[in-house]
Amino acid sequence: MDTIIIGSGPAGYTAAIYAARADLNPVIYTGLEPGGQLTTTTEVDNFPGYPKGIDGPTMMNELKEQAERFGTKVEIDFISKVDFSKDKGGMHKLYTQNGDEIKSKTVIISTGASAKYLGLPSEQRLIGGGVSACAVCDGFFYKNQDVAIVGGGDTAIEEATYLAKICNNVTMLVRKDHFRASKAMQNRLSNYDNIKVLFNHEVMEVMGENVVDGLKIKSNLTNDVSELKITGLFLAIGHSPNTDIFKGIVDMDDSGYILTDKTSTKTNIPGVFAAGDVQDKDYRQAVTAAGTGCMAALDAERYLQEI
Ligand code: NDP
């Protein structure tokens, strides 16, 4: 096999479109969440080419169809182990969850990152019904409404200020008595009088039957429980790159994001490329993921021409 793509978000499918059109006969392993993070989003309004917006699952389905149109094989399966030491024929080895071995000259890693959630049952039940982990994706739906955001890092402040421009009031719930965010980021908050920060507060329950209508929150100083009337809850408590199976094999930063060459998608292993959120903790947008997916396919094609 010439090219295997692991992961089926915008990066993976874009890589597949380009690789298939270059006659690399790619096979894409979708992973456990075919379509990736966008399948948990309602409407995508910021992907160029959809003037009326498109819902996340439909967009991912269209990307899949586009990849298949040029001959991509889509396997609904999960790669659970890799061996990038290359056999005598110069092939990398990958193993599915059933232990089947697949060999490929090039591998594109596009396994993405997963937003962290609090893990409360009420929160999980209301994902897509007012609970979101992406203010840039979903903030618009809460125009002129009251929302809350959990987290005290740079992302939480960035997203709070983004929401403050759209929403009526934004309440930040920070579990410690201080921010983790940089001072520069914290200074931005003073430009918004509709952002209120509640330090030492944690979410106990997300209220609402089918859509969020409030939060039960607790002060971890006094144990006082109170209710906050909001219609949108945003989580900004970090992301985890899905890189467990590559640990100790592919070079990563301290947070587990795969390190790529500055101007390409090359990893430290010849023939292995990384695209999308798995190697990008700064931008994390569908369009930037798609862009690096395209780069990875072109890098794989060039590599195959050179070996
Ligand atoms: P961080 O890990 O930096 O911050 C996560 C925040 O969420 C912390 O305040 C943490 O609290 C809180 N948190 C974690 N788990 C829970 C929980 N279960 N309940 C309540 N709160 C919780 O993640 P970010 O996404 O903010 O940032 C990731 C990286 O990206 C950082 O390096 C950041 O600097 C960078 N970044 C930079 C930006 C910029 O410069 N423009 C913009 C966005 C991100 P605690 O402190 O108590 O652990």
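Note that residues are indexed from 1 along each chain, following the sequence as it is written. Local features in a predicted model are, by the rule used here, given only for residues with pLDDT of at least 70; side-chain atom pairs are given and counted only at 80 or more, and totals for whole chains, interfaces and linings are based on all residues. Side-chain numbers here rest on the full set of heavy atoms in the structure, without hydrogens or water.

As for the overall build of the protein
1) Next: Scanning the protein from N- to C-terminus turns up seven helices and 20 strands.
2) Next: The quantity called the radius of gyration is restricted to C-alpha atoms. Its globule counterpart is 2.2 Å times the number of residues to the power 0.38. Taken over C-alpha atoms, the radius of gyration comes to 21 Å for the protein, in line with the 19 Å a tight globule of 307 residues would show.
3) Next: Each of the three principal axes of the protein carries a C-alpha extent, and together these read 65 × 40 × 35 Å.
4) Next: Throughout this description, buried means an accessible area under 20% of the type-specific maximum (1.4 Å probe, protein chains only), exposed means over 50%, and partly exposed covers the range between. When burial is assessed residue by residue, the protein has 50% of its 307 residues classed as buried.
5) Next: Excluding contacts between residues fewer than 6 apart, the proportion of contacts in the protein whose partners are at least 24 apart in sequence is 58%.
6) Next: Computed by Shrake-Rupley with a 1.4 Å probe, the accessible areas treat only the displayed protein chains as cover when residues are assessed. As presented, the protein carries roughly 15000 Å² of accessible surface, and 47% of it is formed by carbon and sulfur atoms. Comment: elements are numbered from the N terminus, with helices defined as DSSP H or I runs of at least four residues and strands as E runs of at least two. Note on definitions: a residue-residue contact is assigned when non-hydrogen atoms from the two residues lie within 4.5 Å.

Section: the sheet that holds strand β17 (residues 225–228)
1) Next: Between any two strands, pairing holds if DSSP finds at least two bridges. Strands sit in the order β15-β16-β17 across an open sheet of three strands; the sheet is antiparallel. Looking at strand neighbours, the two that pair on one side only are β15 (201–207) and β17, the edges of this open sheet. Neighbouring strand axes in the sheet, compared pairwise and without regard to direction, differ in orientation by 30° on average.
2) Next: The sheet contact formed by β15 and strand β16 (residues 214–219) spans six bridges and is antiparallel. Axes here mean lines fitted to C-alpha atoms, for a helix over just the part in contact, with angles spanning 0 to 180 degrees between N-to-C directions.

Concerning the site of the ligand
1) Next: Near the ligand lie 15 residues; those nearest to it are G152, D154, T155, R175 and R180.
2) Next: For the purposes of these results, a polar contact is taken to be a pair of N or O atoms within 3.5 Å, where, inside protein, one atom must be able to donate a hydrogen and its partner to accept one; residues adjacent in sequence count only when each atom of the pair is a side-chain atom. R175 places a side-chain nitrogen or oxygen 2.9 Å from an oxygen atom of the ligand.
3) Next: At 2.6 Å from an oxygen atom of the ligand is found a side-chain nitrogen or oxygen belonging to R180.
4) Next: Contact with the protein chains covers 71% of the free accessible surface of the ligand, which is 920 Å².
5) Next: Ranked by the residues each element gives to the shell around the ligand, the list is headed by helix α5 (residues 154–164), at three residues. Working definition: residue near molecule or strand if any one of its non-hydrogen atoms lies within 4 Å of it.

Points about the packing of helix α1 (residues 10–21) against helix α2 (residues 56–69)
1) Next: Where α1 meets α2, the axes come as close as 8 Å, and the angle between the chain directions of the two elements is 20°. Accordingly, the angle class assigned to the pair α1 and α2 is roughly parallel. Here the hand of the crossing between α1 and α2 comes out left-handed. Contact residues: α1 offers P10, Y13, A16, I17 and A20, while α2 offers M60, L63, K64, Q66 and A67.
2) Next: The residue makeup of the contact of α1 with α2, split by class, is eight nonpolar, one polar and one charged. Small angles under 35 degrees read as roughly parallel and large ones over 145 as roughly antiparallel, with 65 to 115 read as roughly perpendicular and the rest as oblique. Working rule for handedness: look at the near helix, and if it is turned counterclockwise from the far one by less than a right angle, call the crossing left-handed; if clockwise, right-handed. Ten residue types, Ala, Val, Leu, Ile, Met, Phe, Trp, Tyr, Cys and Pro, are classed as nonpolar, four, Asp, Glu, Lys and Arg, as charged, and the remainder, Gly among them, as polar.

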